[in-house]
Amino acid sequence: MSLDGFRDECGVFGVFGAQEAAKLTYLGLHALQHRGQEGAGIAAADGSNIVRYRGLGLVGEVFSDDELGRLHGTTAIGHVRYSTSGGSSTVNVQPFLVQYRAGQVAIAHNGNIVNAALLREDLEEHGSIFATTSDTEVILHLLAGSRQKTFINRLVDALGRLQGAYSVVVMTPGRLVAVRDPHGFRPLVLGRRGDAWVVASETCALDLIDGEFIREVNHGEMVIIDDEGIQSLYPFPREDRRACIFEHIYFSRPDSLVFGRSVYTQRVELGRTLAAEHPVDADVVIAVPDSGVSGALGYAQRSGIPYGRGLLRSHYVGRTFIEPDQQIRDFGVRLKLSPVRSVLSGKRVIVVDDSIVRGTTSRKIVRMLRRAGATQVHLRITCPPTRSSCFYGVDTPTSDELIASKMDIAGICEHLGADSLGYLSLEGLRTVQGTDRGRFCEACFSSDYPVDPHPKGLKDIQVNLFSQD
Ligand code: SF4
């Protein structure tokens, strides 16, 4: 991934009916760590009470044995955070846990509510006092303020007022609820581990705890798990699915199954299609690690040009690493990536990456490869030019910072100092993704936003309500 690129969003996990639910959640969050490194939290319930622990940092840094030991119960939810809305402070780390007139409720959210500011303004005008700057807190205020009689109806009422992206796990002392927004922007899967039910952003979290993948939570679906068993509802007005295509291109782990497909297989296929669309004579295909690796393997397979490990990535650069100032700024990239001269020297190199965002890092990479002896550098990108920002839970620069919104491909190639530049076409991307499981959101390439990212007023959304508590 371009190191100046789109940033990961968040990951959620939940388990119902397992001994040591918090410890399983801790493991699940480890598997989802790539989705957020800023903070982590777990809330656990023993049937009558919910306790929570959270903090800033990686999962392994936040929790000690003692803290995990205090999170008793057979139900738990967890969250890893990268702040897409709200600031970086402990109060914004999820799960959020509140006590309202009907009892305790905890929530963890992956996504972004595009009408959160409007809802918040409205709630504040009616007396709500917010404790965080996160859009997720809006859901809790709507839930607490709902006039519906049962918890599920209140939750449906609250979620039905949201516009945007949400995959949420919600917990009361005796119940776990998993919901995906009507477009299903962000992933969410359902699994089992023995008699316990598990929900997670990606299947890699199920694999780590020896869980079995059952199915995706569908777009617009609410799954309710309690001592009575499991129920599935579709309480919101139906919408077309618009799963985030970037999950396959970059965000998700290659060993995960996301939106019903192997992320690894998808990425290899993107690389193969890219090779067919943008062939070039060269001696070696290399990847910008880690997320460019599967695409580079696909490019090498299709082109017949050997794959080599021309760039290595350091996994030890901490989050606290301070970028040096202007004079020595290339050190930032060199600390993260290092060239392998024996692979590159005297070679015509094809370098495969998953995206170019601002172009800053790609330019440094091209320069690094040339300094390591590459005689030609051909840059190949496994997605179309990213021209528009995301409003559905991915932290992106504003569109005027995106290089493809300012230059054409020839201009970008010249700016980066590459010998050639080829992006996968939108048609190529669509062909690889297919439509058999529904359509994808591709707004960062096409600017075709499935949900108005700048709603002007609160819509009075009608929701179908149900009778169960
Ligand atoms: Fe994903 Fe791009 Fe759509 Fe955001 S705008 S949900 S990153 S495809």
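Residues numbered from 1 in each chain as written. Predicted model: local features only at pLDDT ≥ 70, side-chain atom pairs only at ≥ 80, totals over all residues. Heavy atoms only, no water.

Asker: Provide a residue-level description of the domain arrangement of the protein chain, including the pertinent values.
Answerer: With domains assigned, the protein chain is organised as domain 1 (10-240) and domain 2 (257-318 + 327-446). Centre-to-centre, using C-alpha coordinates, domain 1 lies 33 Å away from domain 2. Contacts between the two partners involve 16 residues from domain 1 and, on the opposite side, 11 residues from domain 2. Roughly 1,100 Å² is buried in total at the junction of domain 1 and domain 2, and carbon and sulfur atoms are behind 63% of that figure. Here domain 1 and domain 2 share 0 salt bridges between them. Where domain 1 meets domain 2, there are 4 residue pairs in polar contact (both at pLDDT 80 or more). Contributing elements (two or more residues each) for the side of domain 1 that touches domain 2: strand E6 (103-113) and strand E11 (212-216). Per-class residue counts for the side of domain 1 that touches domain 2 are 7 nonpolar, 5 polar and 4 charged. (Domains from an automatic or database assignment. Contact = heavy atoms within 4.5 Å. Buried area = accessible area lost by both parts, 1.4 Å probe. Salt bridge = Lys/Arg side-chain N within 4 Å of Asp/Glu carboxyl O. Polar contact = N/O pair within 3.5 Å; in protein donor to acceptor, adjacent residues only side chain to side chain. Helix = DSSP H or I, 4+ residues; strand = E, 2+ residues; numbered from the N terminus. Nonpolar A, V, L, I, M, F, W, Y, C, P; charged D, E, K, R; others polar.)

Asker: Provide a residue-level description of the nonpolar core, including the pertinent values.
Answerer: Ranked by size, the top nonpolar core spans 67 residues in total, and within it Phe 246, Ile 249, Ile 286, Leu 369 and Phe 445 carry the most contacts. Both domains that furnish three or more residues to this core are identified here as domain 1 (10-240) and domain 2 (257-318 + 327-446). Within the second largest apolar cluster, 30 residues are counted, among which are Leu 155, Val 156, Met 222 and Ile 224. (Core = buried A, V, L, I, M, F, W, Y, C linked by side-chain atoms within 4.5 Å. Buried < 20%, exposed > 50% of the residue type's maximum accessible area, 1.4 Å probe, protein only.)

Asker: Before we move on, can you summarise the pattern of salt bridges with the specific residues and values?
Answerer: Where side chains of opposite charge bring their charged atoms close, a pairing between them can arise. Applying the stated rule across the entire model yields 14 salt bridges. Across the salt bridge formed by Glu 202 and Arg 35, the nearest N and O atoms sit 2.7 Å from each other. With Glu 202 in the loop between strand E10 (196-200) and helix H7 (203-208) and Arg 35 in the loop between helix H1 (21-31) and strand E2 (39-45), the pair connects residues that are 167 residues apart, well separated along the chain. We note a salt bridge from Arg 186 to Glu 247, for which the minimum N-O separation is 3.2 Å. In this pair, Arg 186 is assigned in the loop between strand E8 (175-180) and strand E9 (189-193) and Glu 247 in helix H8 (residues 246-251), connecting sequence segments 61 residues apart. Each member of the pair Arg 186 and Glu 247 is classed as buried. Taken together, the shared-partner salt bridges in this structure form one network comprising Arg 35, Arg 186, Glu 202 and Glu 247.

Asker: Which residues make up the packing of helix H9 (residues 263-277) against helix H15 (residues 426-433), and what are the values?
Answerer: Here H9 crosses H15 at 145°, and the two axes come no closer than 10 Å. Both H9 and H15 take part in a crossing whose hand is right-handed. On H15, the residues that touch Gln 266, Glu 269, Leu 270, Thr 273 and Glu 277 of H9 are Gly 428, Leu 429, Val 432 and Gln 433. For the contact of H9 with H15, the per-class residue count stands at 3 nonpolar, 4 polar and 2 charged. (Axes fitted to C-alpha atoms, helices over the stretch in contact; angles between N-to-C directions. Left-handed = near helix turned anticlockwise from the far one by under 90°.)

Asker: Give a description of the site of the ligand that names residues and reports values.
Answerer: Lining the immediate environment of the ligand, one finds Arg 186, Cys 244, Ile 245, Phe 246, Cys 390, Tyr 392, Val 394, Cys 441, Ala 443 and Cys 444. When the residues that make up the shell around the ligand are grouped by side-chain class, the tally is 9 nonpolar, no polar and 1 charged. (Near = heavy atom within 4 Å.)

Asker: How would you sum up helix H14 (residues 409-416)? Please name residues and give values.
Answerer: The set of residues buried in H14 consists of Ile 412, Cys 413 and Leu 416. Considered in projection along H14, the buried side chains sweep an arc of 100° and stay on one side of the axis. Exposed and oriented more than 90 degrees from the buried face of H14 are Ala 410 and Glu 414. If you follow the buried residues of H14, they end up packed against helix H13 (360-371), strand E21 (376-381) and strand E22 (420-423). Downstream of H14 by a residue or two, Gly 417 has a phi angle that is positive, lying close to 80°. (Arc of directions from axis to C-beta.)

Asker: Explain the packing of aromatic side chains to me, using residue names and the numbers behind them.
Answerer: Two aromatic rings, taken as a pair, are described by how far apart their centres are and by the angle between their planes. Applying the stated criterion to the full structure yields 9 aromatic pairs. Between Tyr 26 and Phe 63, the ring centres sit 5.9 Å apart and the planes meet at 85°, which makes this aromatic pair edge-to-face. In this pair, Tyr 26 is assigned in helix H1 and Phe 63 in the loop between helix H2 (59-62) and helix H3 (65-70), connecting sequence segments 37 residues apart. Both residues of the pair, Tyr 26 and Phe 63, belong to the buried class. Geometrically, the ring pair formed by Phe 185 and Tyr 392 is stacked, given 4.2 Å between the ring centres and 25° between the ring planes. Taken together, the residues Phe 185 in the loop between E8 and E9 and Tyr 392 in the loop between E21 and H14 connect sequence positions 207 residues apart. Pair check on accessibility: Phe 185 and Tyr 392 agree, each one buried. Chaining the aromatic ring pairs together yields one cluster made of Phe 185, Phe 391, Tyr 392 and Tyr 449. (Phe/Tyr/Trp six-rings, centres within 6.5 Å; stacked < 30°, edge-to-face > 60°.)

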